[in-house]
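Summary of structural features
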Amino acid sequence: QYLWIRRKLDCLNATFGGSLGIRPIAHLRPHQMLWASLTALRSMASRRCRVCVTRIEEDFIALAVGAGCLKFGEFTLKSGRVSPYFFNAGGFSTGGQLLELAEAYADAIVAEGIQFDVIFGPAYKGIPLCAAVAMVFALKHGRPGLPYAFNRKEVKDHGEGGMIIGGPLKGRVLLIDDVITAGTAIQESVHLLRQFPECELVGAIVAVDRQERASPESTKSAVQLASEKFGIKIYSIVQLNSILTYAKQEGNSGEVIPPGMDEALEKYRQRYGIQVQMADSISSRAVAAAKSTAAVRGSIDERENEAVKYWSERKERIEKEISDLQQQAAEYRKTLDDIERKISGGLGQRVLEA
């Protein structure tokens, strides 16, 4: 956590200089590093965008644009909104593109620290995704035994039959899909997974989170609504904030992204975007690190109090034992004096008699 936040603060200093009021990083201790990161995040809250784009996000955006999956222009969505960008995961149509896409998913899963036992891909787009991501975990992340599974749209009444193909659905299940529009795929998956009492859906990950209101009346996105409805956390490789920040970075506009697209993306976000409250990975990780540090510090304080109490009680016991020993020593000394007097008196009497 210390090294991770240190790298992020290096990025903050490089991006904003001293405007965030952060002390020189070389002079910060770990707990000061955490506090400085939270201070910086509060300063960034009004910007409503990420400070920097991670390597995973940069690689994914470049891949998606190169494959024609992430397009910029004017696109009319099902909701009737005219969007300046459009994402279609079906455009990853070659083995090389699928491999890079699976690596992006796997890297994002590892970066988020998601704990899971099985990868599940809902039909149809989730099928190649779960298989490819499982292969990447076997090749790059040392998990050759990681099972994956997917479902059929219709029940098969011959052959092996059933609805599930692949590994057994046991333990913690991570759902993988391309996007979440209305949450239908997750709803069907939750209903399906409930038929397997030995498994638990612990989360879902998608490629792109559009971070826009699900409807004009709603203040939350489809991802947020699905997360609240099913009680799971939904992760993403990139968000609208990441795409906008990437478009604003020097060298990307005009080469990877058409010129002037950052303004169109900003206007679209202002009109349809949700209020992002600590939703990006930098802030969530910083908060998690701060909570972890507070928990550790609380545990240390508790153990310190227990140690102080233990040694105080032990000191009292030792002092009492010393006092008792001193009292016994005084009694022994008195007894010895009495014996010596008796011996001396007896010897003197014998000498006189002799």
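The rules behind these values
Residues numbered from 1 in each chain as written. Predicted model: local features only at pLDDT ≥ 70, side-chain atom pairs only at ≥ 80, totals over all residues. Heavy atoms only, no water. UniProt positions renumbered as here; feature names shortened; annotations may be inferred. Helix = DSSP H or I, 4+ residues; strand = E, 2+ residues; numbered from the N terminus. Buried < 20%, exposed > 50% of the residue type's maximum accessible area, 1.4 Å probe, protein only. Contact = heavy atoms within 4.5 Å. pLDDT = per-residue confidence, 0-100. Core = buried A, V, L, I, M, F, W, Y, C linked by side-chain atoms within 4.5 Å. Axes fitted to C-alpha atoms, helices over the stretch in contact; angles between N-to-C directions. Parallel < 35°, antiparallel > 145°, perpendicular 65-115°, else oblique. Nonpolar A, V, L, I, M, F, W, Y, C, P; charged D, E, K, R; others polar. Salt bridge = Lys/Arg side-chain N within 4 Å of Asp/Glu carboxyl O. Phe/Tyr/Trp six-rings, centres within 6.5 Å; stacked < 30°, edge-to-face > 60°. Lys NZ or Arg CZ within 6 Å of the ring centre and 35° of its normal. Expected span 1.5 Å × (residues − 1). Pairing = 2+ DSSP bridges.

1. Side note on the UniProt feature "coiled-coil region" (unreviewed entry) in the protein chain
As recorded in UniProt, the feature "coiled-coil region" (unreviewed entry) lies at residues 308-342. Secondary structure content for residues 308-342 is 100% helix and 0% strand, and the end C-alpha separation is 50 Å.

2. Description of helix 8 (residues 240-248)
Burial of helix 8 is extensive: 8 of the 9 residues sit out of reach of the surface. Among all positions of helix 8, only Leu240, Asn241, Ser242, Ile243, Leu244, Thr245, Tyr246 and Ala247 are buried. Check the buried side of helix 8 and you find it contacts helix 3 (55-66), strand 1 (70-76), strand 2 (82-87), strand 7 (199-209), strand 8 (233-239) and helix 9 (261-272).

3. Structural notes on the confidence of the model for the protein chain
Residues of the protein chain with pLDDT of at least 70 account for 73%, and the chain-wide mean is 78. The low-confidence segment residues 19-23 (pLDDT under 50) makes 11 contacts with residues lying over four places distant or belonging to another chain. Of the regions scoring below 50 in pLDDT, residues 43-51 engages in 26 contacts with residues more than four places distant in sequence or in other chains.

4. A word on the nonpolar core
Within the largest apolar cluster, 48 residues are counted, with the highest numbers of intra-cluster contacts made by Phe60, Phe87, Phe92, Tyr105, Ile237 and Leu265. Tallying contributions element by element places helix 4 (residues 95-112) first for this core, with 7 residues. Setting aside its immediate chain neighbours within four residues, tyrosine 105 contacts Leu129, Val133, Ile176, Asp177, Asp178, Ile205, Val206, Ala207 and Ile237. Counting 21 residues, the second-largest nonpolar core is a separate cluster that includes Val118, Cys199, Val206 and Ala226.

5. So, the packing of helix 3 against helix 8
Two elements in contact, helix 3 and helix 8, have axes whose closest approach is 11 Å; the angle formed by their N-to-C orientations is 80 degrees. Considered as vectors, helix 3 and helix 8 are oriented roughly perpendicular to each other. Touching Glu57, Glu58, Ile61 and Ala62 of helix 3 are Ser242, Ile243 and Tyr246, all from helix 8. Residue composition of the contact of helix 3 with helix 8, by class: 4 nonpolar, 1 polar and 2 charged.

6. So, the pattern of salt bridges
Two side chains of opposite charge can pair, provided their charged atoms sit close to one another. Here the structure, examined in full by the defined rule, presents 12 salt bridges. In this structure, the salt-bridge partner of glutamate 198 is lysine 170, at a minimum N-O distance of 3.9 Å. Here the residue glutamate 198 occupies a position in the loop between helix 6 (184-193) and strand 7, and lysine 170 occupies one in the loop between strand 5 (162-166) and strand 6 (171-176), the gap between them amounting to 28 residues. The exposure class of glutamate 198 is exposed, given its relative accessible area of 54%. Assessed through its relative accessible area of 47%, lysine 170 is described here as partly exposed. Through salt bridges with shared partners, one network takes in Arg55, Asp59, Asp107 and Lys140.

7. Section: the packing of aromatic side chains
Scanning the entire structure with this criterion turns up 7 aromatic pairs. Between tyrosine 85 and tyrosine 268, the ring centres sit 6.5 Å apart and the planes meet at 85 degrees, which makes this aromatic pair edge-to-face. Here tyrosine 85 is found in strand 2, whereas its partner tyrosine 268 is found in helix 9, with 183 residues between them in sequence. Across the pair, exposure class does not vary: tyrosine 85 and tyrosine 268 are buried alike. Each member of the aromatic cluster is reached from another via a ring pair, and the members are Phe60, Phe87 and Phe92. Over the ring of phenylalanine 116 we find arginine 143, and its NZ or CZ is 4.8 Å from the ring centre. Across the ring face of tyrosine 85, the terminal group of arginine 210 is positioned such that the distance to the ring centre comes to 4.3 Å.

8. Quick word on helix 4
In a regular helix each residue adds 1.5 Å, so 18 residues correspond to 26 Å; helix 4 covers 26 Å between its end C-alpha atoms and thus fits that length. Those residues of helix 4 not exposed but buried are Gln97, Leu101, Ala102, Ala104, Tyr105, Ala106, Asp107, Ala108 and Ile109. Against helix 3, helix 5 (126-140), strand 6, strand 7 and strand 8 lie the buried residues of helix 4. Of the residues trailing helix 4, glycine 113 is marked for its positive phi of about 70 degrees.

9. A closer look at unusual backbone geometry
With omega at 10 degrees, the peptide bond leading from alanine 123 into tyrosine 124 counts as cis. As for its position among the elements, tyrosine 124 is in the loop between strand 3 (118-121) and helix 5. For glutamine 211, which is not a glycine, the phi torsion comes out positive at approximately 55 degrees. Examined against the element boundaries, glutamine 211 turns out to sit in the loop between strand 7 and helix 7 (222-230).

10. Topic: the pairing of strand 3
The alternating pattern of strand 3 places Val118 and Phe120 on one face and Ile119 and Gly121 on the opposite face, and all of these are buried. The sheet contact formed by strand 3 and strand 6 spans 3 bridges and is parallel. Residue pairing across strands places phenylalanine 120 opposite leucine 175, the latter belonging to strand 6.

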